[in-house]
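Tertiary structure, described
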Amino acid sequence: DAYGLDAESVPEVPTGSDAPSVVAWYNFSAKPGVGSNAVFAGHVTWNGPAVFYNLVSLAAGDVIRLRGDDGNELAYTVSEVFSVDPNDPESLSVMAATSRDAITLITCDGTYVDTNDPVFGGEYSTRLVIRAVREAASVAEVEGAGGLAP
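Conventions adopted
Residues numbered from 1 in each chain as written. Predicted model: local features only at pLDDT ≥ 70, side-chain atom pairs only at ≥ 80, totals over all residues. Heavy atoms only, no water. Phe/Tyr/Trp six-rings, centres within 6.5 Å; stacked < 30°, edge-to-face > 60°. Buried < 20%, exposed > 50% of the residue type's maximum accessible area, 1.4 Å probe, protein only. Helix = DSSP H or I, 4+ residues; strand = E, 2+ residues; numbered from the N terminus. Pairing = 2+ DSSP bridges. Polar contact = N/O pair within 3.5 Å; in protein donor to acceptor, adjacent residues only side chain to side chain. Contact = heavy atoms within 4.5 Å.

Now for the packing of aromatic side chains. Applying the stated rule across the entire model yields three aromatic pairs. When the ring of tyrosine 26 is compared with that of phenylalanine 28, the centres are 5.2 Å apart and the planes differ by 15 degrees; the resulting orientation is stacked. The class for tyrosine 26 is buried, based on a relative accessible area of 2%. Residues tryptophan 46 and phenylalanine 120 carry aromatic rings whose centres are separated by 5.9 Å and whose planes lie at 90 degrees to one another, so their mutual orientation is edge-to-face. Linking tryptophan 46 in the loop between strand E3 (37-41) and strand E4 (63-67) with phenylalanine 120 in the loop between strand E6 (102-114) and strand E7 (122-133), this pair joins segments that are 74 residues apart in sequence. Residue classification places phenylalanine 120 among the partly exposed positions, given a relative accessible area of 39%.

In C-alpha cells form, the structure reads like this:
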C-alpha cells in the first residue's frame, strides 16, 4: 500500500483494522528495483505481534526478497541494522535517495511506553532500521526492468 506524508510532513503509518498486516511503501521514495532507496514501514506490534514483529532477527548478509503483484521478484542483501531516535530530525535521513538500488525497512523498537493514545496506545523509544542493497540483477529481473509496483 502506498503512503505519504501527513499535514505536518510526518510519514504516515497504517492505522485501520488491517494495520497489523500492512507494509507501507512511501510514495516519496523510489519504487523497488529502479536504482535508489525504496522505503517501507510496518508495525512491530498492534494489539499483538504485527507484520514486522520478527524484523529484529535480521542481520547483515541476510537476503530479503520482494515479490511484486506481477510475480517478479527482487533480492536484496541486508547491509546495515541499526536504531534511530524518532525525535531526532536527522533520523529522517534514512529515507533519503541513495546512489544504489536499496530498500529501507522501518519499524518501532526499544522500550514501549503506554501513553493512552486513542489510536496507538503508546510509543516505542527508537526505530529499527534495516538497510538492504540489491547486488546484481538476474536475467529475469533485467528482462522485466522498470522496478516492482508496490
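In this section: the sheet that holds E4. The strand order E1-E2-E3-E6-E7-E5-E4 describes an open sheet built from seven strands, whose pairing is mixed. Sheet topology places strand E1 (2-3) and E4 at the edges, where each strand pairs with a single neighbour. Two strands pair when backbone bridges link them, and E4 and strand E5 (residues 73-84) are joined in this way by five bridges, in the antiparallel orientation. Residue valine 63 lies in a different strand from E5, and its bridge partner there is threonine 77.

Here we take up the side chain of arginine 127. Secondary-structure assignment places arginine 127 in strand E7. What makes arginine 127 buried here is its relative accessible area of 17%. Of the polar contacts made by the side chain of arginine 127, one reaches the side chain of glutamate 123; its length is 2.3 Å. With residues near it in sequence (within four places) discarded, arginine 127 still touches Phe82, Ser83, Val84, Pro86, Ile106, Thr107, Cys108 and Asp109.

Let us now look at the environment of valine 34. Among the structural elements, valine 34 can be located in the loop between strand E2 (24-26) and E3. In this structure the C-alpha to C-alpha distance between valine 34 and aspartate 101, which are 67 residues apart in sequence, comes to 6.6 Å.

This part is about the pairing of E3. Across the five residues of E3, five count as buried, placing the element largely inside the fold. Of the two faces of E3, the one carrying Asn37, Val39 and Ala41 and the one carrying Ala38 and Phe40 are both buried. Sheet analysis places E2 next to E3, joined by two bridges and oriented antiparallel. In the sheet register, tryptophan 25 faces E3, and the bridge partner there is phenylalanine 40. For E3 and E6, the ladder comprises five bridges, and the chain directions are parallel. Bridged to asparagine 37 within E6 is alanine 102.

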